[in-house]
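Spelled out from the first residue to the last, the chains are:
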Amino acid sequence: MGDEREDDDETEILRRRVAELEQELTRTRSLLETIFARIPAVFYVKGVDRRYQYGSPWGFRIFGVDPAYAIGRTDAELFPPALAERFAASDRRVLEGQEMASVSYAVPAQGQPLHFAGVRFPIPGPDGKAIAICGFAVDVTERIELARKLEKLATTDALTGLANRRRFDAHFAAEVARAARSGEPLTLVLCDVDHFKRYNDRYGHQRGDACLVEVARALEGLVRRPADLAARYGGEEFALVLPETSQEGATKIAERLRSVVRGLGFEHEDNAGHGVVTVSAGVATVTGGGWTVEEVIELADRALYDAKAGGRDRHVSVYEERPPASVGRGG
């Protein structure tokens, strides 16, 4: 009888302990659900069959999915195909043994998309094999937007709002390489405000800055395509990159710029023979392979020098052709 009472006591102790653990588990689960229901983060657990066992309500709602509806369903049933496939690819890496898989994605929303970055990792069973997948992601939209703003500041001329020299250098180098591959013409226009130092000396730096801003606006108004780029090359000198633009087309653009700037009517008494602010431009159009950035800039710079030597308020256009890159430059 004594042994039976001891066994009963041990059973009761074990039962109470199990009940306490279940209560603790319930409290912990409730706490986690409360946390993930309130914080702006994505948290979920999936089975190895890729079906959701749990997901934070906020995380599902940001995708426009009812949290209750999502449980028991797969990504393919809940999200657009492209997004579902990205999630599936991360799941596969986790299930194939990768300890942690990173994932980033954009969520369509009213206005701008929301951007998320997160990780997925396996939940191992007693034998070490994954019995579920756990994922966590946070909204990084503000960080991305801040990074974009900083990048824009780093590549934008503070006075004129055009691309600065740093951005010009990177963009033009890429376009020279692209033109060599495609065989399409590439045009660079370098333009300079005529006798700008004299303008500054007579009218002051504030009016000089205002003049540069207006010239920049005129130049920016000529940008029509995504690959076109208007930049402040340095001081009173500007550049216009025109990929896939013929010499004839580029010459028309340079003439339009000259006409628009002259039409501004900014008084410039020291611009002999003109009386108003004018610009001179050198237009260099090249085709074929083997061109370097420096060579094309030198062509445009020489054309600009000739425009100034010819009386200013004008443009000079040059065209040079080389064999395609695949043919080579020799023989």
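For the structure, check the block above.
Residues numbered from 1 in each chain as written. Predicted model: local features only at pLDDT ≥ 70, side-chain atom pairs only at ≥ 80, totals over all residues. Heavy atoms only, no water.

**Focus on the pairing of strand S6 (residues 186-193)**
Summarising burial for S6: eight of the eight residues are buried, a large majority. Burial along S6 is two-sided: Leu 186, Leu 188, Leu 190 and Asp 192 facing one way and Thr 187, Val 189, Cys 191 and Val 193 facing the other are all buried. Bridge analysis of S6 against strand S8 (residues 237-243) gives seven bridges, and the strand direction is antiparallel. If you follow Val 189 over to S8, its bridge partner there is Leu 240. (Buried < 20%, exposed > 50% of the residue type's maximum accessible area, 1.4 Å probe, protein only. Helix = DSSP H or I, 4+ residues; strand = E, 2+ residues; numbered from the N terminus. Pairing = 2+ DSSP bridges.)

**Some details on the packing of aromatic side chains**
One pass over the structure, following the stated rule, counts 10 aromatic pairs. Aromatic pair Tyr 52 and Phe 60: ring centres 5.2 Å apart, planes at 80°, arrangement edge-to-face. For the residue pair Tyr 52 and Phe 60, the accessibility class agrees, reading buried in each case. Ring centres of Phe 63 and Phe 79 lie 4.9 Å apart, and the angle between their planes is 55°; on these two criteria the pair is classed as tilted. Of this pair, Phe 63 sits in the loop between helix H2 (57-61) and helix H3 (67-70) while Phe 79 sits in the loop between helix H4 (75-78) and helix H5 (81-95), and the two are 16 residues apart along the sequence. The buried category is assigned to Phe 79, whose relative accessible area is 8%. Here a set of aromatic residues connected by ring pairs shows up, and it is made of Tyr 44, Tyr 52 and Phe 60. In this structure, Arg 73 packs its charged tip against the face of Tyr 69, placed 3.7 Å from the ring centre. The cationic tip of Arg 322 hangs over the ring face of Trp 291; the distance from NZ or CZ to the ring centre is 3.7 Å. (Phe/Tyr/Trp six-rings, centres within 6.5 Å; stacked < 30°, edge-to-face > 60°. Lys NZ or Arg CZ within 6 Å of the ring centre and 35° of its normal.)

**Focus on unusual backbone geometry**
Its identity is not glycine, yet Arg 50 carries a phi of approximately 70°, on the positive side. Note that Arg 50 resides in the loop between strand S1 (41-47) and strand S2 (52-55). Judged by relative accessible area, which is 25%, Arg 50 ranks as partly exposed. Within the chain, Asp 313 stands out as a residue other than glycine whose phi angle is a positive 55°. Assignment of secondary structure puts Asp 313 in the loop between helix H11 (293-309) and strand S10 (315-321). Assessed through its relative accessible area of 11%, Asp 313 is described here as buried.

**Considering empty space enclosed by the protein**
Scanning the model with the defined rule gives three cavities of 30 Å³ or more in all. What lines the largest cavity is a set of 13 residues, among which Val 42, Tyr 44, Tyr 52, Phe 60 and Phe 63 lie closest to the centre. Every element with two or more residues in the lining of the largest cavity is listed here: S1, S2 and H2. Of the residues assigned to the lining of the largest cavity, the class counts are nine nonpolar, three polar and one charged. (1 Å grid on protein atoms, 1.4 Å probe; cavity = no way out; pocket = protein on both sides within 12 Å on 5 of 7 lines; lining within 4 Å. Points joined across faces, edges and corners; volume = space filled by probe spheres on them. Nonpolar A, V, L, I, M, F, W, Y, C, P; charged D, E, K, R; others polar.)

**Overview of the sheet that holds strand S9 (residues 279-287)**
Strand order in the open sheet formed by five strands is S7-S8-S6-S9-S10, with mixed pairing between adjacent strands. Whereas interior strands pair on both sides, the edge strands pair on one side only; in this sheet they are strand S7 (229-234) and S10. This sheet shows a mean twist of 20° between the axes of neighbouring strands, independent of strand direction. Contacts from helix H9 (residues 205-220) reach S6, S7, S8 and S9 within the one sheet, and its direction differs from that of S8 by about 10°. (Axes fitted to C-alpha atoms, helices over the stretch in contact; angles between N-to-C directions. Contact = heavy atoms within 4.5 Å.)

**Some details on helix H7 (residues 165-182)**
End to end, H7 covers 25 Å across 18 residues, agreeing with the expected 26 Å (1.5 Å per residue, within 8%). Burial in H7 covers these residues: Phe 168, His 171, Phe 172, Glu 175, Val 176 and Ala 179. Angular distribution of buried residues about the axis of H7 spans 140°; they occupy a single face of the element. Projecting away from the buried face of H7 at angles above 90 degrees are the exposed residues Arg 166, Ala 170 and Arg 181. Elements in contact with the buried residues of H7: S6, S7, S8 and H11. The backbone nitrogen of Arg 166 lies 3.2 Å from a side-chain oxygen of the residue at the head of H7, namely Asn 164. Gly 183, located one to two residues past H7, shows a positive phi value of around 80°. (Expected span 1.5 Å × (residues − 1). Arc of directions from axis to C-beta. Polar contact = N/O pair within 3.5 Å; in protein donor to acceptor, adjacent residues only side chain to side chain.)

**Concerning a nonpolar patch on the surface**
Among the surface-exposed residues, Leu 146, Leu 150 and Leu 153 lie close enough to one another that they form a single nonpolar patch of about 330 Å² accessible area. As for its placement among the helices and strands, Leu 146 is situated in helix H6 (residues 141-154). (Patch = residues over 30% accessible without salt bridge, like charges linked within 9 Å, V, L, I, M, F, W, Y side chains within 5 Å. Areas by Shrake-Rupley, 256 points an atom, 1.4 Å probe, with all protein chains shown as cover. Salt bridge = Lys/Arg side-chain N within 4 Å of Asp/Glu carboxyl O.)

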